[in-house]
Amino acid sequence: MLNEFIQRPWEILVSSLEIMGQDLPLGMKIDAMVSRAMHGMSRPDPIPFSSAEPPTLQTPHRGGVQEQPAQSRDALILSGGGAYAAYEVGVMKALFTGQSSATGNVAWDPGIVVGTSAGSLNAGLLLSAEKEGPGAVEYLEEVWMNEVADGPGKCGSGVFRFRENPLTFLTPGCYRSPAWLIASFLSDSAFLGREFLERGARVLDSSVDIEQRLLETVDLGALISVEPLQQLLRKSLRLEKIRASRKQIRIASTNWRTGEIRIFSNEDMSDEIGYDVIQASSSIPGVFPRVEIENDPYVDGGLVMNTPLKPAIDAGAEVLQVIFMDADVAHIPLPKLANTPNEIFRSLIIGFSRTLKQDLELAAKANRMIAAVASAPDTGPIESKAAVFARGSDGKPHRPLTIHLHHPMTALGGSWLSFGQDQVKQSMERGYEDGVHHDCETNGCLLAKQ
């Protein structure tokens, strides 16, 4: 089959051009090209070429379009994981200071930053920093330790709090603002009162089965307030800097009405919805409330795209540094006593791991196809058409992907909802050590030469 592929390169190239022009998902296009190249040239009925233009590498910038930095085709992928996202900060420190073999031990600064769920907060903070490179990572460390983490002298974490929690009155840090303590208690009482009345009225609705009505009275999210997160976002994110950044940002969030993923870019980070975009991407259904953006409800982007490779590739990325906090499921011990938070987290890890594996397999197929096209002999006029296909909007040829994976090999410990200073610090230190001692063979990287 390989001999047939080499002997008939222009037929396969023309066939590939037809497939790439069809209005199909990228994965289906690549599968079709590989299958046709290896198993014959039978063609389906043609579908009209799409008129969509390929994405450019120019970033919207206040006052015009700014030139991308030198590593504009390098992307940083930040996945979800709740409190475990502190691990990402440690890995970033190793990458940005040139302490990791993943960058050839050279200081690194990506031109594309993609985040989902808790990773969206890290992405937003990275572009909000006054400095770039290592200075930006220092800003993330400062925010995580001083604003996100709970600790002595503080009144809870900077992410969420439980409504009418009696332990609040036993926490010395909460008495620094007695007026806030009383106001929050009264506000929580009013909120829970409204919830009780609304759900009680639902139980009396005889048009629905009683079992269904009783189930609908349960909403654990009603017991959680995300007021701390809202305050954190407004204090630590600088939306004007994100809009003006030379780095491309992509934030993934799930439309709760349609189930579709939406990718928000620099220009979407307006004063009207910018904070909501980050909050929505981090809103785990059933735990945190959904967020209304432009009359649609949005929730955690990790539901559909926890490790968002595609937005980075669509933005022009060729080298991807992917950080995710989920160790191999087999390495995460089962709890002695089953509990809802652990069951939810384990279920998510299983789904996330499977999706990432499929994405890496797809990228490997793409690399093989690009290598096959590149090695085909010159066949005259048809080759010029292939050359057109092989060039991006900037005139440079498409290149295979290199994907470095950074993740803990064993469970990080603690809980994904525990934001204590000790756990945050340990996660950052663990991330830094793993970044410094990065090993592609152990981590399962995808290299362009493979």
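What counts and how
- Residues numbered from 1 in each chain as written.
- Predicted model: local features only at pLDDT ≥ 70, side-chain atom pairs only at ≥ 80, totals over all residues.
- Heavy atoms only, no water.
- Helix = DSSP H or I, 4+ residues; strand = E, 2+ residues; numbered from the N terminus.
- Buried < 20%, exposed > 50% of the residue type's maximum accessible area, 1.4 Å probe, protein only.
- Contact = heavy atoms within 4.5 Å.
- Salt bridge = Lys/Arg side-chain N within 4 Å of Asp/Glu carboxyl O.
- Core = buried A, V, L, I, M, F, W, Y, C linked by side-chain atoms within 4.5 Å.
- Pairing = 2+ DSSP bridges.
- Polar contact = N/O pair within 3.5 Å; in protein donor to acceptor, adjacent residues only side chain to side chain.
- Disulfide = S-S within 2.5 Å.
- pLDDT = per-residue confidence, 0-100.
- Patch = residues over 30% accessible without salt bridge, like charges linked within 9 Å, V, L, I, M, F, W, Y side chains within 5 Å.
- Areas by Shrake-Rupley, 256 points an atom, 1.4 Å probe, with all protein chains shown as cover.

**Student:** An account of the overall build of the protein chain is requested, with residue identities and associated values reported.
**Tutor:** In terms of regular secondary structure, the protein chain is built from 17 helices and 12 strands. Here the protein chain holds 450 residues, and 46% of them are scored as buried. By sequence separation, contacts in the protein chain at least 24 residues apart represent 73% of the contacts at least 6 residues apart.

**Student:** I'd love a proper account of helix α4 (residues 86–96), names of residues and values included.
**Tutor:** Counting buried residues along α4, 10 of its 11 residues qualify, which places the element largely inside the surrounding structure. Among all positions in α4, only Ala86, Tyr87, Glu88, Val89, Gly90, Val91, Met92, Ala94, Leu95 and Phe96 are buried. As for α4, its buried residues are in contact with β3 (74–78), α5 (118–128), α6 (134–148), β11 (319–323), β12 (402–406) and α16 (421–436). In the segment just after α4, Gly98 is the residue with positive phi, at about 75°.

**Student:** Explain the pattern of salt bridges to me, using residue names and the numbers behind them.
**Tutor:** Enumeration over the complete set of coordinates arrives at 13 salt bridges. Linking Asp109 and Lys247 is a salt bridge whose minimum nitrogen-to-oxygen distance equals 2.5 Å. Here Asp109, found in the loop between α4 and β4 (112–116), pairs with Lys247, found in the loop between α10 (239–244) and β7 (248–255); they are 138 residues apart in sequence, far enough to count as distant. One network of salt bridges, with partners in common, ties together Arg161, Arg163, Asp188 and Glu227.

**Student:** An account of the nonpolar core is needed here, citing residue identities and associated values.
**Tutor:** Core analysis: the biggest nonpolar cluster contains 66 residues, and Leu76, Met92, Phe96, Leu126, Trp144 and Ile293 have the highest contact counts within it. Those residues within four positions of Ile293 in sequence are excluded, and the remaining contacts are Phe264, Ile273, Asp276, Val277, Ala280 and Tyr298. Ile77, Ala317, Val322 and Ile403 belong to the second largest nonpolar core, which has 19 residues in total.

**Student:** Tell me about the pairing of β4, residues and numbers included.
**Tutor:** Taken across its 5 residues, β4 has 5 buried, putting it largely inside the fold. Burial along β4 is two-sided: the face carrying Ile112, Val114 and Thr116 and the face carrying Val113 and Gly115 are both buried. The pairing of β3 with β4 spans 4 bridges and is parallel. Counted as the bridge partner of Leu76 is Val113 from β4. With 5 bridges connecting them, β4 and β7 associate as parallel partners.

**Student:** Help me get a handle on the environment of Ser282, residues and values and all.
**Tutor:** Structurally, Ser282 can be placed in the loop between α11 (274–281) and β9 (291–293). Remark: the alpha-carbon pair of Ser282 and Ala252, spanning 30 residues in sequence, is separated by 9.5 Å. Excluding residues within four positions of it along the chain, Ser282 makes contact with Ser117, Ala118, Ser120, Phe288 and Asp300. Within the structure, the side chain of Ser282 is placed 3.1 Å from the backbone oxygen of Ser117, a separation counted as a polar contact.

**Student:** Describe in detail the state of the cysteines, supporting the description with residues and values.
**Tutor:** Summed over all chains, the structure comprises 1 disulfide. A disulfide bridge connects Cys155 with Cys174, and the sulfur atoms are separated by 1.9 Å. Its S-S torsion of approximately 90° makes the covalent link between Cys155 and Cys174 right-handed. Taken as a pair, Cys155 in the loop between α6 and β5 (161–162) and Cys174 in the loop between β5 and α7 (178–203) lie far apart in primary sequence, 19 residues in all. With a relative accessible area of 28%, Cys155 lands in the partly exposed category. Assessed through its relative accessible area of 3%, Cys174 is described here as buried.

**Student:** Please give an account of the side chain of Ser265 that cites residues and values.
**Tutor:** Of note, Ser265 is situated in the loop between β8 (261–264) and α11. Taking relative accessible area as the criterion, Ser265 reaches 12% and is therefore assigned buried.

**Student:** Outline the confidence of the model for the protein chain, listing residues and values.
**Tutor:** For the protein chain, the average pLDDT comes to 79, and 78% of its residues sit at 70 or higher. When the elements of the protein chain are averaged for pLDDT, strand β1 (residues 59–61) gives the smallest value, 37, and α11 the largest, 98. Between residues 1–70, whose pLDDT stays under 50, and residues either more than four places distant or in other chains, the model counts 101 contacts.

**Student:** Describe a nonpolar patch on the surface, with residues and values.
**Tutor:** A surface patch of nonpolar side chains, about 500 Å² in accessible area, is lined by Phe169, Tyr175, Ile182, Phe185 and Leu186. As for its position among the elements, Phe169 is in the loop between β5 and α7. Judged by relative accessible area, which is 36%, Phe169 ranks as partly exposed.

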